[in-house]
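Chain and residue survey
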There are 2 protein chains.
Amino acid sequence: MSHRGAINEESIQVLDHPMGQADGVDFEIIELLFFAYRDFISDPDAILDTSGFGRAHHRVVHFVNREPGLTVAALLDTLKITKQSLARVLKQLIDSGYIVQIAGPEDRRQRRLFPTVRGRDLALALARPQSCRIANAMEGLNESGRAAVKTFLSGMINSANRSGAADQSDAKEGQDR
Amino acid sequence: MSHRGAINEESIQVLDHPMGQADGVDFEIIELLFFAYRDFISDPDAILDTSGFGRAHHRVVHFVNREPGLTVAALLDTLKITKQSLARVLKQLIDSGYIVQIAGPEDRRQRRLFPTVRGRDLALALARPQSCRIANAMEGLNESGRAAVKTFLSGMINSANRSGAADQSDAKEGQDR
DNA sequence: AATTTATGTCAACATAGCTGACATATTCGA
DNA sequence: TCGAATATGTCAGCTATGTTGACATAAATT
């Protein structure tokens, strides 16, 4: 099967050289991100296996604890999932006493979400191992290195997201999604 | 509803203050990672929607292209999924002409996986927008900043993984997983 | 009063994980 | 040489989490 570039079997062109930097793509960071996130998420996953919840519950508990009183609409916007997807896990979290809903004081159509003590405890328990992993990974870095990491991660995020400022791109559409 | 710490409704303790740094956890980076990865993965997702494949196919095509000739076992180890999960997507990729299997030259039980030109093209098309996003996020950083990002991401990965060195922890067990 | 908004809910479906069980071909060790 | 171990494939069924579409209700808005 020859020297380099291609083998031939049943008239299909088969490549035997690795895709790499020569292709003008930064595969190193792509893979680092893949593995880093996979392992980063595995910490809380292990805890969740015990409690009968999943990643979807994790996200909900996290953001409700980070911003008590947020509305269902705000949560949907943060998670970028449909209300039907959210409904399933949210219902379980409410039924199990991790989160409560309280009608909005101004707009009583809203269901503002608050964590219970139980919900707070869960959110913290899930966050702790992740925080440790991060602290560990930051260990060798000085202040400017740590700042670089934050700058990088922030730069990876679609600017339309994060930090308030609802984008008005779909003010109509009844945003059922 | 009071000053600070807790509301009370139906005798459940409800918290209305945000979970934050006071809890001794680095929520900032936790969330940056969440959003960064979500958006990072959305680029190839958009392309995949067109082609009828999903994230699972993406990963397989990626690693086969990065290491042509890898065995099914090696791929399973990288992806950390079961062979049954892999089988589904791998079969589709083979049937569609993106990947071919060739019996191992030494050990003929092995099915070594190689990309076709078509598979290479797909892998590159998927990697390109991610690489651009990364380049963009790295834009403002100097060399030491970029190095810090790599150090950080590497530090996030379980040392047991990556870079050869099979861990011998489960040499028995028939590793069906 | 009519419409819009915020939310909930039912039903059906897709993707991508999982477990368990079993089949086949090949290699390896006694 | 034969039996065990290995590499892989495959069938069947389950779970988690996403999707669409349709419709219901209460409250706010015009």
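Our structure is the block above this text.
Residues numbered from 1 in each chain as written. Chains lettered and ligands numbered in written order. Predicted model: local features only at pLDDT ≥ 70, side-chain atom pairs only at ≥ 80, totals over all residues. Heavy atoms only, no water.

**Quick look at the overall build of chain A**
Where we set the bar: Labels follow the DSSP assignment, with helices taken as runs of H or I lasting at least four residues and strands as runs of E lasting at least two, numbered in each case from the N terminus. Working definition: with a 1.4 Å probe on protein chains only, accessible area under 20% of the residue-type maximum means buried, over 50% means exposed, and in between means partly exposed. Contacts are assigned to residue pairs that have any heavy atoms within 4.5 Å of one another. Accessible areas in this description were obtained via Shrake-Rupley with a 1.4 Å probe; residue shielding takes into account the shown protein chains only.
Helices and strands together make up the secondary structure of chain A, namely six helices and four strands. Out of the 177 residues belonging to chain A, those deemed buried represent 44%. A separation threshold of at least 6 residues defines the contact pool for chain A, and within that pool the share at least 24 residues apart is 49%. Taken as a whole, chain A presents about 9,900 Å² of accessible surface, with 48% of it coming from carbon and sulfur.

**Here we look at the interface of chain A and chain B**
Quick note on the threshold: Two parts placed together each lose some accessible area under a 1.4 Å probe, and adding up what both lose gives the buried area. Take a side-chain nitrogen of Lys or Arg and a carboxyl oxygen of Asp or Glu: if they are within 4 Å of each other, that pair is a salt bridge. Whenever a nitrogen or oxygen atom comes within 3.5 Å of another N or O atom, the pair is scored as a polar contact, on the condition that within protein one atom can donate a hydrogen and the other can accept it, and that pairs from neighbouring residues in sequence are kept only if both atoms are in side chains.
With 71 residues of chain A at the contact, the number on the chain B side is 70 residues. Carbon and sulfur atoms make up 71% of the surface buried where chain A meets chain B, a total of about 7,200 Å² over both sides. When the area that chain A buries against chain B is broken down by residue, the three leading residues are Met19, Arg66 and Met156 of chain A, summing to 10%. Applying the counting criterion to the chain A and chain B interface returns four salt bridges. Applying the counting rule to chain A against chain B returns 26 residue pairs in polar contact (both at pLDDT 80 or more). If you tally residues by element for the side of chain A that touches chain B, the top one is helix α1 (residues 27-51) of chain A, at 14 residues.

**Things to note about helix α3 (residues 72-79) of chain B**
Rule in force here: In this description, the arc belongs to the directions extending from the helix axis to the C-beta atoms.
The set of residues buried in α3 of chain B consists of Leu75, Leu76, Thr78 and Leu79 of chain B. The buried residues of α3 of chain B occupy an angular sector of 160° when the element is viewed end-on, so they sit on one face. Exposed residues lying more than 90 degrees from the buried face of α3 of chain B are Ala73 and Asp77 of chain B. Tucked into the core, α3 of chain B has its buried residues touching α1 of chain A together with α2 (55-66), α4 (83-95) and β4 (111-115) of chain B. Lys80 of chain B, located one to two residues past α3 of chain B, shows a positive phi value of around 60°.

**A look at the relation of the copies chain A and chain B**
Superposition of the two copies of the chain requires a rotation about an axis together with a shift along that axis. What counts is decided by this rule: A least-squares superposition brings the copies together, and it is based on the C-alpha atoms of residues with pLDDT no lower than 70 in both.
Between the two copies, chain A and chain B, the superposition gives an RMSD of 0.1 Å; the rotation angle is 180° and the shift along the axis is 0.0 Å. Such a turn and shift between the copies fits a two-fold axis. Of the interface residues in chain A, 99% have counterparts in chain B that sit at the interface too, so the contact is made through matching surfaces.

**Thoughts on the protein's contact with DNA strand D**
The line we're drawing: If a single non-hydrogen atom of a residue is within 4 Å of a molecule or strand, that residue counts as near it.
Not every one of the 25 residues close to DNA strand D is listed here, only the nearest: Ser85 and Arg88 of chain A together with Lys83, Gln101 and Arg109 of chain B. Each atom of DNA strand D within 4 Å of the protein belongs either to a base or to sugar and phosphate, the latter forming 55%. Separating a phosphate oxygen of DNA strand D from a backbone N or O atom of Ala73 of chain B is a distance of 2.8 Å. Listing elements by their share of the surface near DNA strand D, those giving two or more residues are α2 (55-66) and α4 (83-95) of chain A together with α3 and α4 of chain B. Examining the composition of the surface near DNA strand D, we find that four residues originate from one element, α2 of chain A, more than from any other.

**What about unusual backbone geometry?**
Among all residues save glycine, negative phi is the norm, and among peptide bonds the norm is trans. Residue and element names in this part refer to chain A. Even without a glycine there, the phi angle at Lys80 is positive, about 55°. With respect to the helices and strands, the residue Lys80 is situated in the loop between α3 (72-79) and α4. Overall, the relative accessible area of 46% leaves Lys80 in the partly exposed class.

**Let's talk about the protein's contact with DNA strand C**
Inclusion rule: Here the term charged refers only to Asp, Glu, Lys and Arg, the term nonpolar to Ala, Val, Leu, Ile, Met, Phe, Trp, Tyr, Cys and Pro, and the term polar to all other amino acids, Gly among them.
Residues in close proximity to DNA strand C total 24 residues, the closest being Lys83, Gln101 and Arg109 of chain A together with Arg59 and Arg88 of chain B. The separation between a base oxygen of DNA strand C and a polar side-chain atom of Arg109 of chain A is 2.7 Å. Within the side chain of Ser85 of chain B, an N or O atom sits 3.3 Å from a phosphate oxygen of DNA strand C. At the level of elements, α3 and α4 of chain A together with α2 and α4 of chain B are the ones that each hand at least two residues to the surface near DNA strand C. In terms of residue class, the surface near DNA strand C is built from four nonpolar, nine polar and eleven charged.

**Considerations on the pattern of salt bridges**
Overall, the coordinates contain 14 salt bridges over all chains when judged by the stated rule. A salt bridge links Lys91 of chain A to Asp95 of chain A; its shortest N-O distance comes to 3.4 Å. You can see Lys91 of chain A and its partner Asp95 of chain A sitting in helix α4, four residues apart, about one turn around the helix. Here Lys91 of chain A matches Asp95 of chain A in class, with each residue exposed. For the salt bridge of Arg133 of chain B with Asp43 of chain B, the shortest nitrogen-to-oxygen distance reads 2.7 Å. Of this pair, Arg133 of chain B sits in helix α5 (residues 117-138) while Asp43 of chain B sits in helix α1 (residues 27-51); the two residues are 90 residues apart in sequence, bridging distant segments of the chain.

**Focus: the packing of aromatic side chains**
Selection rule: Pairing of aromatic rings covers Phe, Tyr and Trp, the last through its six-membered ring, and needs centres within 6.5 Å; plane angles under 30 degrees mean stacked, over 60 mean edge-to-face, and all others mean tilted. Any Lys NZ or Arg CZ that is within 6 Å of a ring centre and within 35 degrees of that ring's normal is treated as a charge sitting over the ring.
The full count for this structure, using the stated rule, is eleven aromatic pairs over all chains. Summarising the aromatic geometry, the rings of Phe34 of chain A and Phe63 of chain B are spaced 5.6 Å apart at their centres and angled 55° between planes, so their arrangement reads as tilted. Placement of Phe34 of chain A in helix α1 and of Phe63 of chain B in helix α2 is noted, with the two residues assigned to different chains. Phe63 of chain B carries the same exposure label as Phe34 of chain A, and that label is buried. Note on Phe35 of chain A and Phe63 of chain B: the rings are 5.8 Å apart at their centroids and 45° apart in plane angle, and the pair reads as tilted. With Phe35 of chain A in helix α1 and Phe63 of chain B in helix α2, this residue pair bridges two chains. The buried category is assigned to Phe35 of chain A, whose relative accessible area is 3%. Taken together, Tyr37 and Phe40 of chain A together with Tyr37 and Phe40 of chain B form an aromatic cluster joined through their ring pairs. Above the plane of the ring of Tyr98 of chain A lies Arg118 of chain A, whose end atom (NZ or CZ) is 4.8 Å from the centre.

Geometry only, nothing functional implied.
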